[in-house]
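# Residue-level structural notes
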Amino acid sequence: MKKLGYLTGFLLVFIIIWLSACKKTWQTTDYLHESRQGKEARMQWWNEARFGMFIHWGLYSIPAGVYDGKQIPGIGEWIMQKAPIPVKEYEKYAAQFNPVKFNAGEWVKIARDAGMKYIVITSKHHDGFCLWDSKVTKWDVMDATPFKRDILKELKEACDKNDIKLCFYHSIMDWHHPDAQAPFYPNYNDTERSNPNFPRYVNNYLKPQLGELIKNYGKLGILWFDGEWIKDWTSPMGKDMYNYVRSLQPDIIINNRVDKGRKGMQGMNTEGEFAGDYGTPEQEIPDTGLPGVAWESCMTMNDSWGYKSYDSNWKSSETLIRNIIDITSKGGNYLLNVGPTSEGVIPEASVQRLKAIGAWMQVNGEAIYGTSASPFEKPGWGRYTQKPGKIFAHIFERPADGVLNIPVPAVQVKNVYLLGADNESFTPVPADEGFIIRLPKVLPDSIASVVVIEYEGQL
Ligand code: H79
């Protein structure tokens, strides 16, 4: 009997050790190395989407670019740093945050009607203020404002209804947290200074916050990190964060700003081993794309991400539509920003432009979604995109003689037609290089008209 007791005891100890070893392997799953097929499958929806909405919204929409009676130069969401504003002063905006006109369904509809397939909203920007009910801080919409509604939850529900992927932008840098950059005032963005308590901020605050966001808001599309350039954020921290986020949602996509592999505003350093699924050029479109890597250009419609009451330097619809085409022709995604007001309204100038984009997408979307980079050099009159068996010629400027020369061998061409204008079709005429068609005097769209070339065989 006694012997049996020893044996059971021994077996129990063995099982406990074995179980804890299992747990350990589970915890340290290395998501940094995955098969090419695995990554392709994970990135598929994103590659097909091509177009998303960035939303920068937070307390900075209240000052909207003005502090102490002065217009503060620079991007609106950086006003705390640019003015600069002490933490205690900045905190006062929270009591004023009551965006009663906020309607998640309306925002999502604006994005959907523009042809956008995903939304990236600031769960937390550099000012540290949280748009959801975070359990690790009172510096959030629930505890610090009269509004007391979980903005992220409402957006997730609206996105799910409209087949839009919800994604979160989350700042690593934090100007409000005492263990992060708050003590650096008046230069929260001091890139030389260190906070000895920073690891405590990462483990007790930043990581738990990511845990909340990933566990409590259902399936997410992307985690879009930023503010990773600070001295205290290290590459091992970035890799650990990448693994942590993927361990909770293995299919999620994470931008490269989780690690230190970004190359300034150009967005991507391809040398060295860094965590992150895609490069993030900011306010620029790389001349020839970023060959061999996935990338997404994020850009503003005026000069600011966060709402600024007096920034009226809006890009034209023509520029925005041609940007989508230009980026797509180079194999990238376009993440186009809106900065809602403190009332919760997307500025009318943005809405108008998004409507124009939506109207263009309605007719020409098949030349954008699911397409990839042009197989040809950039032509003088516009851009190319492609899908298997199809080339799309996006005409920005109609050649003066109306002749379009496409370098696809005439014998391979099956069909050539315009999108819009009743899909007028053309008879291709063989030429030295490929074939030519004669365009009508007036094209269906003065911003960009698309000629579809259906072909067979390999190019
Ligand atoms: O959220 C929006 C902006 O608030 C944020 N990114 C977009 C998406 C933004 N972060 N920084 N800036 C805008 C400008 C800051 C640039 C610099 Fe640096 C930070 C210059 C030096 C440190 C990062 C590292 C860029 C160049 C080197």
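Refer to the preceding data block for the structure.
All of the points below concern the structure found in this document. A quick note: this is a predicted structure, and the numbers were derived from the prediction, not measured.

### What to know about empty space enclosed by the protein
Scanning the entire structure with this criterion turns up two cavities of 30 Å³ or more. Taken together, Asn302, Ser304, Trp305, Gly306, Tyr307, Lys308, Trp314, Asn337, Val338, Gly339, Pro347 and Ser350 make up the full set of residues lining the largest cavity. Of the residues assigned to the lining of the largest cavity, the class counts are five nonpolar, six polar and one charged. The volume enclosed by the second largest cavity comes to roughly 30 Å³. Looking at the second largest cavity, the residues that line it are Trp57, Gly58, Tyr60, Thr122, Ser123, Lys124, His125, Asp127, Phe129 and Leu131. Of the residues assigned to the lining of the second largest cavity, the class counts are four nonpolar, four polar and two charged.

### A few points about helix 11 (residues 317-329)
Given a rise of 1.5 Å per residue, 13 residues ought to cover 18 Å, and the 18 Å separating the end C-alpha atoms of helix 11 matches this to within 8%. Within helix 11, eleven of the 13 residues are buried, which leaves the element mostly enclosed by the surrounding structure. When helix 11 is considered as a whole, its buried residues turn out to be Ser317, Leu320, Ile321, Arg322, Asn323, Ile324, Ile325, Asp326, Ile327, Thr328 and Ser329. Packing partners of the buried residues in helix 11 comprise strand 1 (51-55), strand 8 (296-299), strand 9 (333-338), helix 12 (348-364), strand 10 (382-387) and strand 11 (390-395). Just downstream of helix 11 lies Gly331, where phi reads positive at about 85°.

### Overview of the sheet that holds strand 13 (residues 413-418)
Strands pair in a sheet through their backbones, by hydrogen bonds, and they do so in one of two ways: parallel or antiparallel. Taking strand neighbours across the sheet as the criterion, the four strands line up as 10-11-16-13 in an open arrangement whose pairing is antiparallel. Single-partner strands in this sheet number two, and they are strand 10 and strand 13. Adjacent strand axes in the sheet meet at a mean angle of 20° when their direction is disregarded. Where strand 13 lies against strand 16 (residues 449-455), five bridges are found, and the strand directions are antiparallel. Note on strand 16: the bridge partner recorded for Val416 is Ile453.

### So, the packing of helix 9 (residues 198-216) against helix 10 (residues 235-248)
It is at 10 Å that the axes of helix 9 and helix 10 come closest, and there the two elements cross at 25°. Viewed along their axes, helix 9 and helix 10 adopt a mutual orientation that is roughly parallel. Every pair of crossing elements has a handedness; the one defined by helix 9 and helix 10 is right-handed. Residues Phe198, Val202, Leu206, Lys207, Leu210, Gly211, Ile214 and Lys215 of helix 9 lie in contact with helix 10, whose contacting residues are Met237, Asp240, Met241, Tyr244, Val245 and Leu248.

### A word on the packing of aromatic side chains
Tallying each qualifying case throughout the model produces 25 aromatic pairs. When the centroid spacing of 5.0 Å and the interplanar angle of 50° are considered together, the rings of Phe54 and Trp224 count as tilted. In this pair, Phe54 sits in strand 1 while Trp224 sits in strand 6 (residues 222-226), placing the two residues 170 residues apart along the sequence. Accessibility expressed as a relative area gives 1% for Phe54, which makes it buried. By the ring-pair criterion, three or more aromatic residues cluster together here, those being Trp57, Phe97, Phe102, Trp107, Phe129, Trp139 and Phe147. A cation sits over an aromatic face here: Lys153 above Tyr217, 4.8 Å from the ring centre. The ring of Trp45 has Lys165 lying over it, and the distance from NZ or CZ to the ring centre is 4.9 Å.

### With respect to the environment of Glu77
Position of Glu77 relative to the elements: it lies in the loop between strand 3 (70-71) and helix 3 (79-82). The sequence separation of Glu77 and Val136 amounts to 59 residues, and the corresponding C-alpha distance is 23 Å. Here Glu77 is in contact with His56, Tyr60, His125, Trp175, Ser304, Trp305 and Gly306, once residues within four sequence places are set aside. For Glu77, the side chain forms a polar contact with the main-chain nitrogen of Gly306, separated by 2.8 Å.

### A word on the pairing of strand 5 (residues 165-171)
Burial of strand 5 is extensive: six of the seven residues sit out of reach of the surface. Strand direction decides the pairing type here: strand 4 (residues 118-124) and strand 5, joined by six bridges, are parallel. Across the sheet, the residue bridging to Ile121 is Phe168, located in strand 5. Alignment of strand 5 against strand 6, held across four bridges, turns out to be parallel. Residue Tyr169 lies in a different strand from strand 6, and its bridge partner there is Trp224. You can see the chain leave strand 5, run along helix 9 and come back into strand 6, and the turn it takes is right-handed.

Thresholds, definitions, all that
- Residues numbered from 1 in each chain as written.
- Predicted model: local features only at pLDDT ≥ 70, side-chain atom pairs only at ≥ 80, totals over all residues.
- Heavy atoms only, no water.
- 1 Å grid on protein atoms, 1.4 Å probe; cavity = no way out; pocket = protein on both sides within 12 Å on 5 of 7 lines; lining within 4 Å.
- Points joined across faces, edges and corners; volume = space filled by probe spheres on them.
- Nonpolar A, V, L, I, M, F, W, Y, C, P; charged D, E, K, R; others polar.
- Helix = DSSP H or I, 4+ residues; strand = E, 2+ residues; numbered from the N terminus.
- Expected span 1.5 Å × (residues − 1).
- Buried < 20%, exposed > 50% of the residue type's maximum accessible area, 1.4 Å probe, protein only.
- Contact = heavy atoms within 4.5 Å.
- Pairing = 2+ DSSP bridges.
- Axes fitted to C-alpha atoms, helices over the stretch in contact; angles between N-to-C directions.
- Parallel < 35°, antiparallel > 145°, perpendicular 65-115°, else oblique.
- Left-handed = near helix turned anticlockwise from the far one by under 90°.
- Phe/Tyr/Trp six-rings, centres within 6.5 Å; stacked < 30°, edge-to-face > 60°.
- Lys NZ or Arg CZ within 6 Å of the ring centre and 35° of its normal.
- Polar contact = N/O pair within 3.5 Å; in protein donor to acceptor, adjacent residues only side chain to side chain.
- Right-handed = clockwise from strand over helix to strand, strands pointing away.

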